[in-house]
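Here is how the chains run, residue by residue.
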Amino acid sequence: MLVPGKVRLMGEVEVSSSKNAILPILAASLLSDETKIIKNVPDIRDVTVITELIQYLGVKVDYRDRSLHFSGGAVRETPPYELVRLIRASFLVMGPLLAKKGSVRVSLPGGCAIGTRPIDLHLKGFEALGASINVTGGDVIAKANQLYGNHVYLDYPSVGATENIMMAASLAQGTTYIENAALEPEIVDLANFMNSMGARITGAGSNVIKIEGVEKLSSTDYSPIPDRIEAGTYMVAAAATAGDIIIKNIIPEHLKAVTAKLLESNAIVEENNGHIRVYRQQDIKPVYIKTQPYPGFPTDMQAQFMAYLSLARGSSVITESVFENRFMHVAELLRMGAKIKTEGRTAIIKGCRELTGARVRATDLRAGAALMIAGLTARGSTNIMNSEHIDRGYENIVAKLNGLGANIRRV
Ligand code: EPZ
């Protein structure tokens, strides 16, 4: 992907539905055998992979006018390895299959670019609900003739574990409490989707979620929330390029931490009826950032902000407290002339006057987005290799950025 530099993004852009809401919602569709319609589904690879996985399990899926139509239930409980290894979110089918089929077999995650990403908290939750867990030959097998409600304390507010346990508990006998649950908006959206099928979940968005098990779930017609990380990425891109853009289809409440740090760095963020305007007319001020579970500063915005702060007047500090290895983009930014020093989970970014275009490599989708932002500001063009990572989670990102004045080409 070739990104010409010295661009100032101007105009309007529309955010797509949230990847990280839709992936668990697709998994939760396995909890019911009736017809479900999920609307405004973005055309991104992670969604395609999970949809293929659900079809492999036996569910009939049609994709028409950006909606997914599901009918019928799963007849298999072992997703194919070649699909599971493609994205970690495949794990999210464990809870639904365990609850619906009484048994599920999934291959354990390969490592990925941002860390080992274990699933111990997912399995701890399934065991608490009465499942037996066995790990053999790189696979994890969970079995339970009947799941029973229980108290589950999460050692860490894991998004995926909260989602998986919530889905398994929805068809258990009795009531489950998930304590120290994740608070992300995608958890609330999943609970709303499941409740629209007849689940009885309260407390999503707080750190104690109560799930009263029900006999079965039925049909629904649902539109997921907008993608707060896609929105945040365009906000940072506008600030980095000293542009002026309006972002539509956004829930400002979901972006408070990103907005706060943009304001601290001298960008301007104006909210009015469902959209946000971002522009910058003064020098970028350095800021301190520590990524945290929601509502703290999102780890999925860390790389994009690092690209932006590479141009600040002074030194910023970013601490990545969620993942143990999410600085893969640093080496690539250094190739563009950024001045960054990392020490464990902390990076010190000494701002410079400008970056220079280079040949760089995307290691994960957020690192790829960071390199696009850096490239748009740089002197000269930037050639981003492995840019397919970016397409995993950003619908039509080239068209959307070119609509704002960029002139990006796929090579
Ligand atoms: C979700 O991943 C998101 N993915 C990630 O977005 C996001 O970065 C992450 O939450 C944190 O917000 C989806 O929603 C599909 P976690 P998830 O379980 O569920 C440790 C993107 O760019 N942990 O909250 O995998 C884990 O190692 C992606 O869109 C355990 O130790 O995140 C990590 O250090 C990247 N044991 C921390 O918790 C477990 O059983 C956060 O992981 C589970 C997690």
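The structure this text deals with has already been given above.
Residues numbered from 1 in each chain as written. Predicted model: local features only at pLDDT ≥ 70, side-chain atom pairs only at ≥ 80, totals over all residues. Heavy atoms only, no water.

Caption draft 1: Up close: the layout of surface pockets. Roughly 260 Å³ of volume is contained in the second largest pocket. Residues of the lining of the second largest pocket, tallied by class, amount to seven nonpolar, two polar and seven charged. (1 Å grid on protein atoms, 1.4 Å probe; cavity = no way out; pocket = protein on both sides within 12 Å on 5 of 7 lines; lining within 4 Å. Points joined across faces, edges and corners; volume = space filled by probe spheres on them. Nonpolar A, V, L, I, M, F, W, Y, C, P; charged D, E, K, R; others polar.)

Caption draft 2: Geometry of the sheet that holds strand β11 (residues 200-202). If you walk across this open sheet you meet the four strands as β9-β10-β12-β11, and the pairing is mixed. Only two strands of the sheet have a single neighbouring strand rather than two, namely β9 (151-153) and β11. The sheet shows a mean angle of 15 degrees between the axes of neighbouring strands, direction not considered. (Pairing = 2+ DSSP bridges. Helix = DSSP H or I, 4+ residues; strand = E, 2+ residues; numbered from the N terminus. Axes fitted to C-alpha atoms, helices over the stretch in contact; angles between N-to-C directions.)

Caption draft 3: Structural view of the site of the ligand. The environment of the ligand is made up of 22 residues, and the closest members are Arg 88, Asp 120, Leu 121, Asp 300 and Val 322. With respect to the ligand, the side chain of Arg 88 contributes an N or O atom lying 2.6 Å from an oxygen atom. One of the side-chain nitrogen or oxygen atoms of Ser 158 is found 2.7 Å away from an oxygen atom of the ligand. Of all elements in the fold, only α1 (19-28), α5 (120-128), α6 (159-169) and α12 (365-377) reach the threshold of two or more residues within the shell around the ligand. In terms of residue class, the shell around the ligand is made up of ten nonpolar, five polar and seven charged. Each of two domains, domain 1 (2-16 + 226-402) and domain 2 (19-222), supplies a minimum of three residues to the shell around the ligand. (Near = heavy atom within 4 Å. Polar contact = N/O pair within 3.5 Å; in protein donor to acceptor, adjacent residues only side chain to side chain. Domains from an automatic or database assignment.)

Caption draft 4: Representation of the pairing of strand β5 (residues 67-71) within the structure. Burial of β5 is extensive: four of the five residues sit out of reach of the surface. Relative to β5, strand β3 (residues 36-38) runs antiparallel, the two being bridged by three bridges. Within β5, the residue paired with Ile 37 across the bridge is His 69. In terms of strand pairing, strand β4 (residues 60-64) meets β5 through five bridges, oriented antiparallel. When the sheet's bridge partners are listed, Lys 60 is paired in β5 with Ser 71. Linking β4 back to β5 in an antiparallel pair, the connection comprises two residues, with Asp 65 at a positive phi of about 35 degrees. (Buried < 20%, exposed > 50% of the residue type's maximum accessible area, 1.4 Å probe, protein only.)

Caption draft 5: Main features of empty space enclosed by the protein. Throughout the structure, instances matching the rule amount to four cavities of 30 Å³ or more. Here the largest cavity is characterised by a volume of approximately 40 Å³. In this structure, the largest cavity is lined by Thr 233, Tyr 234, Ala 237, Ala 369, Met 372, Ile 373, Leu 376, Ile 397 and Leu 401. A per-element tally of the lining of the largest cavity places α12 first, with four residues.

Caption draft 6: Expanded view of the packing of helix α8 (residues 228-240) against helix α10 (residues 302-309). Two numbers describe how α8 lies on α10: the axes approach to 10 Å, and their chain directions differ by 5 degrees. Classed by the angle they form, the pair α8 and α10 counts as roughly parallel. Contacts from Ile 229, Thr 233, Val 236, Ala 239 and Ala 240 in α8 reach Gln 304, Phe 305 and Tyr 308 in α10. Partitioned by chemical class, the residues of the contact of α8 with α10 number six nonpolar, two polar and no charged. (Parallel < 35°, antiparallel > 145°, perpendicular 65-115°, else oblique. Contact = heavy atoms within 4.5 Å.)

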